[in-house]
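Listed below, chain by chain, are the residues.
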Amino acid sequence: MRNTRRTLLTAIAAVGALTSVAACGGGSDSSASGSGKAGGTYNFWDPYPQFDASSAWGKLVTKCGTDAGVKVKRTSMDTTDLGNKALLAAQQGNAPDVMLVDNPVVSTLVEAGILNKTGDLGLDTSSIQKNILGAGVIDNASYGVPIGANTLALYYNKTILTAAHVDPASIKDWASLTAALKKVKTAGKKGITFSAINTEEGSFQFLPWFWGAGGDLTKLNSPEGTAALTLWKQWVDGGYAPKDVLQNTQTTSWQEFATGDYAFSENGTWQLGNADKAGFPYGVLNIPGQNGGSAPVPTGGEFVTVPVQKDSSRYDVSKKIVTCLTNSTNLLTTDTTLTYVAPTAQVQAQQVKQNPELKPWVGAVAAARGRTSDGLGTKYPTISQPMWTAVQNALSGGKSPQAALDAAQTAASKS
């Protein structure tokens, strides 16, 4: 292993900068412990504290252990806590046998030298969509199996759009979306909610517009990046989006939309259940690119990984557990529970047949990309923080979009 103390401490800082952007947060469980004896107890960590042992997920984890001939000790904690504890456990030589981690954290754990390659373990990832798998690929090698993906799209309130004489099918690009917002405002309603908070959630929500303009994360202050930030600023300045987007998390942004006063909400797959309870008819649109087509959206979701162990004989059982958790039958159940889009076309088709509301989300995931993809890896957190800071500076009026992104690029280049 090449995880020196300095590398681990650097990695811990990087994990701390990446918070979960999906709806899988929760309290932490401090009962984490090291590996059990081979053939006996295998430790499994996940970021799903909202699912207890009696849940469908909890039962699946137990069953996968039983099928592999071992007992699985499951420990759940929130995403950031899990990443930090994984690094510390690796330093102490007692990492769990199997671990489910948020996809941007994979590259950080790989850099710390604590994850096995799927190829070395004999895990098959050939059926997984390349763009979903990409978040866990470093130097052309994959280090985990995605359990599913969530991403962003635009929810819209059908009642408001009808009253404002807006046909959702007419929204093809930024110009037509802005025109729709203008009609909605003229009709006396509110336009669009999103999260521009100064955390990873703000970057997550900005990325579809940044990438939809053709932006490159290594050149934050390009004309394309500036166009995206200018769009958001125009919406806030024009009253099409509320000023509280600066403080909105994805949850509070959704709560605004759920009041029934807003025409659109940029939000995630995980809000489908809440949308059904909102009390008004809604639809879902893919986020448009600046000049048309679906904008690339960031993938959220977790990877099942196998940390490095001193006793390599444990890997055979760990492989069986991972294979069980990610086979087609179990993926369908799990992704239905999590409201995730499955990472394989076969299971996606089953999901849409079971729930037609997922169809636009499958399309959105097909256009999605990993935040750490394209060779960014652990550089992503050092880019994301200056980016969300630039969004804050521009929307608050502290700097022009260009000046804000110029400062962001300077900061990112120094990291």
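Parameters at a glance
Residues numbered from 1 in each chain as written. Predicted model: local features only at pLDDT ≥ 70, side-chain atom pairs only at ≥ 80, totals over all residues. Heavy atoms only, no water. Pairing = 2+ DSSP bridges. Helix = DSSP H or I, 4+ residues; strand = E, 2+ residues; numbered from the N terminus. Axes fitted to C-alpha atoms, helices over the stretch in contact; angles between N-to-C directions. Salt bridge = Lys/Arg side-chain N within 4 Å of Asp/Glu carboxyl O. Parallel < 35°, antiparallel > 145°, perpendicular 65-115°, else oblique. Left-handed = near helix turned anticlockwise from the far one by under 90°. Contact = heavy atoms within 4.5 Å. Nonpolar A, V, L, I, M, F, W, Y, C, P; charged D, E, K, R; others polar.

Pairing within the open sheet is mixed, and its four strands lie in the order β8-β9-β7-β10. The sheet is open, and its two borders are formed by β8 (190-193) and β10 (282-285), each paired with just one other strand. Shown here is a sheet whose adjacent strand axes are inclined to one another by a mean of 20°, direction ignored.

A separate point is the sheet that holds strand β3 (residues 98-102). Overall, mixed pairing links the five strands, which are arranged β2-β1-β3-β11-β6 in an open sheet. Strands with a single pairing partner mark the edges of an open sheet, and in this sheet they are β2 (71-76) and β6 (145-146). In this structure, strand β1 (residues 41-46) lies alongside β2, joined through six bridges in parallel fashion. Along β2, the bridge assignment pairs Thr 41 with Lys 71.

Applying the stated criterion to the full structure yields six salt bridges. When the shortest N-O distance is used, the salt bridge between Asp 46 and Arg 74 registers 2.5 Å. Note that Asp 46 is positioned in strand β1 and Arg 74 in strand β2, a separation of 28 residues in sequence. Its salt-bridge partner being Asp 67, residue Lys 63 comes within 2.7 Å of it at the nearest N-O pair. Of this pair, Lys 63 and Asp 67 both sit in helix α2 (residues 56-67), four residues apart, roughly one helical turn.

This part covers the environment of Gly 83. Structurally, the position occupied by Gly 83 is in helix α3 (residues 79-92). With 32 residues separating them along the chain, Gly 83 and Leu 115 place their C-alpha atoms 12 Å apart.

Let's shift gears to the packing of α2 against helix α13 (residues 315-326). At a closest axis distance of 9 Å, the pairing of α2 and α13 adopts a crossing angle of 140°. On the basis of the axis angle, α2 is oblique to α13. Handedness of the crossing formed by α2 with α13: right-handed. In this structure, α2 uses Trp 57, Leu 60, Val 61, Cys 64 and Asp 67 to contact α13, whose residues at the interface are Ile 321, Cys 324 and Leu 325.

At a minimum axis separation of 5 Å, α13 and helix α14 (residues 328-338) run at an interaxial angle of 60°. The orientation of α13 relative to α14 falls into the category oblique. Contact residues: α13 offers Cys 324, Leu 325 and Thr 326, while α14 offers Ser 328, Asn 330 and Leu 331. The residue makeup of the contact of α13 with α14, split by class, is three nonpolar, three polar and no charged.

Geometry only, nothing functional implied.
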